[in-house]
Amino acid sequence: AQTVTQSQPEMSVQEAETVTLSCTYDTSESNYYLFWYKQPPSRQMILVIRQEAYKQQNATENRFSVNFQKAAKSFSLKISDSQLGDTAMYFCAFPRGGSQGNLIFGKGTKLSVKP
Amino acid sequence: DAGVTQSPTHLIKTRGQQVTLRCSPKSGHDTVSWYQQALGQGPQFIFQYYEEEERQRGNFPDRFSGHQFPNYSSELNVNALLLGDSALYLCASSLPGLAGYNEQFFGPGTRLTVL
């Protein structure tokens, strides 16, 4: 079965510091995508960063970067220079069977950035 | 350019009733996916529509049905509501793509409460 596990239900970080959110997954696919989504208290889910499994280089988007360990099936998200606006639920996800649109999500990590 | 819109924002129903939720995709998108997000959980895939046909379906009973219109907008219908159907229902739109993966854009969701 394809699964996504986020083992940190809640985390907090001081503004301007760095925080890492963990995610492990299980799939038999050889080529796939991995995603981190952010869901702020206003509820609209937005894509933060994505990683293609065949690419060895870790993806980076401004203050957000990932540590992708394919053999270990680990996909962590690092947020540098945390800002108050980063406060949100963060979900790790990947497409079931590599197909379009059918995303499997973890249970999420609630991140609080404190001033 | 309007993003994904959903209506209504909130809805309260009683057990046994039927409900219809609506979604308009982002401009240029023709694929719509529906997810159910229970409180404190990650979204779970319900089904996906493309070219007015249900293309994929998650592990949801037949009480959950949908429709896609020629203008690509979509409806989610739930019959014989149960208390456990109380959740945030998210709609996401994307381009179908023939290869690779196209980002899904999420709407703000409809909060359904079943009493």
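Located above this text is the structure these notes cover.
Attention in this report is confined to the structure presented alongside it. (Residues numbered from 1 in each chain as written. Chains lettered and ligands numbered in written order. Predicted model: local features only at pLDDT ≥ 70, side-chain atom pairs only at ≥ 80, totals over all residues. Heavy atoms only, no water.)

## As for the interface of chain A and chain B
What counts, and what does not: Any two residues whose heavy atoms approach within 4.5 Å are treated as being in contact. Salt bridge, as used here, is a side-chain nitrogen of Lys or Arg placed within 4 Å of a carboxyl oxygen of Asp or Glu. By the criterion applied in these results, polar contacts are pairs of N or O atoms within 3.5 Å in which, for protein atoms, one can donate a hydrogen and the other can accept it, and in which residues neighboring in sequence qualify only through two side-chain atoms. To qualify as a helix, a DSSP run of H or I must reach at least 4 residues; to qualify as a strand, a run of E must reach at least 2; elements of each kind are numbered from the N terminus.
Listed by partner, the interface residues are 19 residues for chain A and 29 residues for chain B. Linking chain A with chain B are 0 salt bridges. Scanning the region where chain A abuts chain B turns up 4 residue pairs in polar contact (both at pLDDT 80 or more). Listing elements by their share of the side of chain A that touches chain B, those giving two or more residues are strand 5 (33-39), strand 6 (46-52), strand 10 (88-95) and strand 11 (103-105) of chain A. By residue number, the principal contributor to the side of chain A that touches chain B is strand 5 of chain A, which donates 4 residues.

## Thoughts on the layout of surface pockets
Sizing a probe to match a water molecule and rolling it over the atoms shows the empty space that remains. The condition is simple: Think of a 1 Å grid over the protein atoms and nothing else: a 1.4 Å probe that fits but is trapped marks a cavity, an open set flanked by protein within 12 Å on at least five of seven lines marks a pocket, and residues with an atom within 4 Å of a point count as lining. Grid points are joined across faces, edges and corners, and a volume is the space filled by probe spheres set on the points. Three classes are used: nonpolar for Ala, Val, Leu, Ile, Met, Phe, Trp, Tyr, Cys and Pro, charged for Asp, Glu, Lys and Arg, and polar for all others, with Gly counted as polar.
Looking at the largest pocket, its volume works out to about 440 Å³. Around the largest pocket, the lining is made up of 23 residues, and of these Gln-39, Met-89 and Phe-91 of chain A together with Gln-37 and Gly-40 of chain B lie nearest the centre. Listed by contribution, the elements that provide at least two residues to the lining of the largest pocket are strand 10 and strand 12 (109-114) of chain A. Taken together, the residues of the lining of the largest pocket sort by class into 10 nonpolar, 8 polar and 5 charged. If you add up the space inside the second largest pocket, you get close to 350 Å³. Forming the boundary of the second largest pocket are 21 residues, of which Arg-96 and Ile-104 of chain A together with Pro-43, Gln-44 and Phe-45 of chain B lie nearest the centre. Taken together, the elements giving at least two residues each to the lining of the second largest pocket come down to strand 1 (3-5) and strand 11 of chain A together with strand 5 (44-50) of chain B. Ranked by residues supplied to the lining of the second largest pocket, first place goes to strand 11 of chain A with 3 residues. Tallied by class, the residues present in the lining of the second largest pocket amount to 8 nonpolar, 10 polar and 3 charged.

## With respect to the state of the cysteines
Test applied: By convention in this document, the label disulfide applies to cysteine sulfur atom pairs within 2.5 Å. Throughout this description, buried means an accessible area under 20% of the type-specific maximum (1.4 Å probe, protein chains only), exposed means over 50%, and partly exposed covers the range between.
Inspection of every chain in the model, using the stated rule, returns 2 disulfides over all chains. In this model, Cys-23 of chain A is linked to Cys-92 of chain A through a disulfide, with the two sulfur atoms separated by 2.0 Å. What sets the handedness of the Cys-23 of chain A and Cys-92 of chain A disulfide is the S-S torsion sign, and at about -65° it is left-handed. In this pair, Cys-23 of chain A is assigned in the loop between strand 3 (19-21) and strand 4 (24-26) and Cys-92 of chain A in strand 10, connecting sequence segments 69 residues apart. Both residues of the pair, Cys-23 of chain A and Cys-92 of chain A, count as buried. One disulfide in the model links Cys-23 of chain B with Cys-91 of chain B; its S-S distance is 1.8 Å.

## Description of the pattern of salt bridges
What the rule picks out here adds up to 6 salt bridges over all chains. When the shortest N-O distance is used, the salt bridge between Asp-86 of chain A and Arg-63 of chain A registers 2.8 Å. Residue Asp-86 of chain A is located in the loop between strand 9 (74-79) and strand 10, and its partner Arg-63 of chain A is located in the loop between strand 7 (60-61) and strand 8 (64-69); the two are separated by 23 residues in the primary sequence. The buried category is assigned to Asp-86 of chain A, whose relative accessible area is 3%. One salt bridge in this structure joins Glu-75 of chain B and Arg-22 of chain B, with 3.4 Å as the shortest N-O distance. Here Glu-75 of chain B, found in strand 8 (residues 74-78), pairs with Arg-22 of chain B, found in strand 3 (residues 19-24); they are 53 residues apart in sequence, far enough to count as distant.

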